[in-house]
Amino acid sequence: MKVRASLASLKKKDGSIVVRRRGKTYVINKKNPRWKGRQG
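One structure accompanies this document, and this report is about it. Throughout this document, residue positions are counted from 1 along each chain, in the order its sequence is written. Thresholds applied to this predicted model are a pLDDT of at least 70 for local features of residues and 80 or more for the giving and counting of side-chain atom pairs; totals over whole chains, interfaces and linings are not thresholded and use all residues. Side-chain metrics in this entry use all non-hydrogen atoms of the structure; hydrogen atoms and water are not considered.

1. A short note on the pattern of salt bridges
Spelled out, the test is: Salt-bridge detection follows one rule: a side-chain nitrogen of Lys or Arg within 4 Å of a carboxyl oxygen of Asp or Glu. Numbering of helices and strands runs from the N terminus, with a helix taken as a DSSP run of H or I at least four residues long and a strand as a DSSP run of E at least two residues long. Buried residues are those whose accessible area, probed at 1.4 Å on protein chains only, stays under 20% of the maximum for their type, while exposed residues exceed 50% and partly exposed ones sit between those limits.
Counted by the stated rule, this structure contains one salt bridge. For K31, the salt bridge identified is with D14, shortest N-O distance 3.0 Å. With K31 in the loop between β3 (24–29) and β4 (37–39) and D14 in the loop between α1 (8–11) and β2 (16–21), this pair connects stretches of sequence that are 17 residues apart. We note that K31, like D14, is exposed.

What follows is the structure, given as structure tokens:
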């Protein structure tokens, strides 16, 4: 999982979902778990 300043490039990927947990924003991708990211 990468910590990034911007998740825009990750959320454009096919099958990605933006989730907010505990004040942090996560991008989860079930199709390709390589594209996981956290912001905040």
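2. Examining the pairing of β3
To keep it simple, the criterion reads: Criterion used throughout: strands pair if DSSP finds at least two bridges between them.
As paired elements, β2 and β3 share six bridges and run antiparallel to each other. Considered in β3, the bridge of I17 is made with I28. Summarising the sheet, β3 and β4 pair through three bridges and their orientation is antiparallel. Within the sheet, the bridge partner assigned to Y26 lies in β4 and is R38.

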